[in-house]
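Residue-level structural notes
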Amino acid sequence: MATEDDEYDGYFIPKGTAVIGAAWSILHDPEVFEAPEEFRPERYLKDGQIDPGVRDPVVAAFGFGRRMCPGRYLSDNSLYSIVSSVLAVYNINGPVDELGKPKQLEANYTSGLLSYPPPFNCTIEPRSKAAEFLIRGLSD
Ligand code: HEM
């Protein structure tokens, strides 16, 4: 909520206006991210380290100001733990055709307040015998 009259980029914002941050646009800005629609996690890295010159998604992904998401550290650390545990033991690959040849997987997302990929096929296999042993041991 604008607590006083303001101006941004030539637009007058009267006191009392509800202002909502455009997180999607901020995180898909083609002037900041090359090919923003493409899934390129390596865009955040330089020489194997996080590149501080690339916009950090935290500036918008969890909201803004005093009402910013209080669960951001929990979700960040949980996702790191989940993704690294899964990748440590599984190979995940795109779909294959009836001859076993890899099929191109398209990056589609639904539109709306919550955007997510529609269902797609993929293969998930243990990375090794040792990984399979570990997975089966965990389910006992
Ligand atoms: C990737 C995971 C998550 C994302 C992307 C996310 C994103 C957000 C966003 C955009 C907001 C609105 C902030 C605003 O009004 O500016 C929010 C609020 C909130 N989130 Fe999350 N969140 C995540 C995970 C979590 C988790 C794990 C928890 C709790 C354990 C949580 C608890 C909350 C609460 C309580 C609010 C309301 C804060 C308030 O209005 O003061 N979130 N979140």
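Residues numbered from 1 in each chain as written. Predicted model: local features only at pLDDT ≥ 70, side-chain atom pairs only at ≥ 80, totals over all residues. Heavy atoms only, no water.

Remarks on the domain arrangement of the chain
Many analyses report the size of an interface as the accessible area lost when the parts associate. Each domain of the chain was delimited in the assignment, giving domain 1 (1-69) and domain 2 (70-140). When each unit is reduced to the centre of its C-alpha atoms, the spacing between domain 1 and domain 2 is 27 Å. (Domains from an automatic or database assignment.)

Some remarks on the UniProt feature "binding site: heme" (unreviewed entry) in the chain
Following the UniProt record, the feature "binding site: heme" (unreviewed entry) maps to Cys69 here. Position of Cys69 relative to the elements: it lies in the loop between helix 2 (58-61) and helix 3 (72-89). Given the relative accessible area of 27%, Cys69 is considered partly exposed. (UniProt positions renumbered as here; feature names shortened; annotations may be inferred. Helix = DSSP H or I, 4+ residues; strand = E, 2+ residues; numbered from the N terminus. Buried < 20%, exposed > 50% of the residue type's maximum accessible area, 1.4 Å probe, protein only.)

Points about the side chain of Asp51
Looking at the secondary structure, you find Asp51 in the loop between strand 4 (49-50) and helix 2. This buried residue, Asp51, is left without a salt bridge; Lys46 holds the nearest opposite charge, at 5.2 Å. (Lys, Arg positive; Asp, Glu negative; His and termini not counted. Salt bridge = Lys/Arg side-chain N within 4 Å of Asp/Glu carboxyl O.)

Some remarks on the site of the ligand
The environment of the ligand is formed by Ala61, Phe62, Gly63, Phe64, Arg67, Cys69, Pro70, Gly71, Leu74 and Ser75. The contact in question runs from an oxygen atom of the ligand to an N or O atom on the backbone of Phe64, over 3.0 Å. Contact between the ligand and Arg67: an oxygen atom at 2.7 Å from a side-chain N or O atom of the residue. Within the shell around the ligand, the residues separate by chemical class into six nonpolar, three polar and one charged. A domain split of the shell around the ligand shows at least three residues from each of domain 1 (1-69) and domain 2 (70-140). (Near = heavy atom within 4 Å. Polar contact = N/O pair within 3.5 Å; in protein donor to acceptor, adjacent residues only side chain to side chain. Nonpolar A, V, L, I, M, F, W, Y, C, P; charged D, E, K, R; others polar.)

Section: a negative patch on the surface
A surface patch of negative charge is lined by Glu4, Asp5, Asp6, Glu7 and Asp9. With respect to the secondary-structure elements, Asp9 resides in the loop between strand 1 (6-8) and strand 2 (11-13). (Patch = residues over 30% accessible without salt bridge, like charges linked within 9 Å, V, L, I, M, F, W, Y side chains within 5 Å. Areas by Shrake-Rupley, 256 points an atom, 1.4 Å probe, with all protein chains shown as cover. Charge placed at Lys NZ, Arg CZ, Asp CG, Glu CD.)

Some details on the pattern of salt bridges
Applying the stated rule across the entire model yields four salt bridges. When the shortest N-O distance is used, the salt bridge between Arg40 and Glu38 registers 3.0 Å. For Arg40, a relative accessible area of 25% gives the class partly exposed. Residue Glu132 pairs with Arg136 through a salt bridge whose shortest N-O separation is 3.1 Å. Here Arg136 and Glu132 lie together in helix 4 (residues 129-139), a separation of four residues that amounts to about one turn.

Examining the side chain of Arg72
Note on placement: Arg72 falls in helix 3. A distance of 3.4 Å separates a polar atom in the side chain of Arg72 from a polar atom in the side chain of Tyr73.

Side note on the packing of aromatic side chains
The way to describe two aromatic rings as a pair is by their centre distance and the angle between their planes. Under the definition given, this model contains one aromatic pair. Both rings, one in Phe33 and one in Tyr44, keep their centres 6.2 Å apart while their planes meet at 65 degrees; by these two values the pair is edge-to-face. With a gap of eleven residues between them, Phe33 in the loop between helix 1 (23-27) and strand 3 (45-46) and Tyr44 in the loop between helix 1 and strand 3 connect regions that are remote in the sequence. With relative accessibility at 3%, the residue Phe33 sits in the buried group. Judged by relative accessible area, which is 25%, Tyr44 ranks as partly exposed. (Phe/Tyr/Trp six-rings, centres within 6.5 Å; stacked < 30°, edge-to-face > 60°.)

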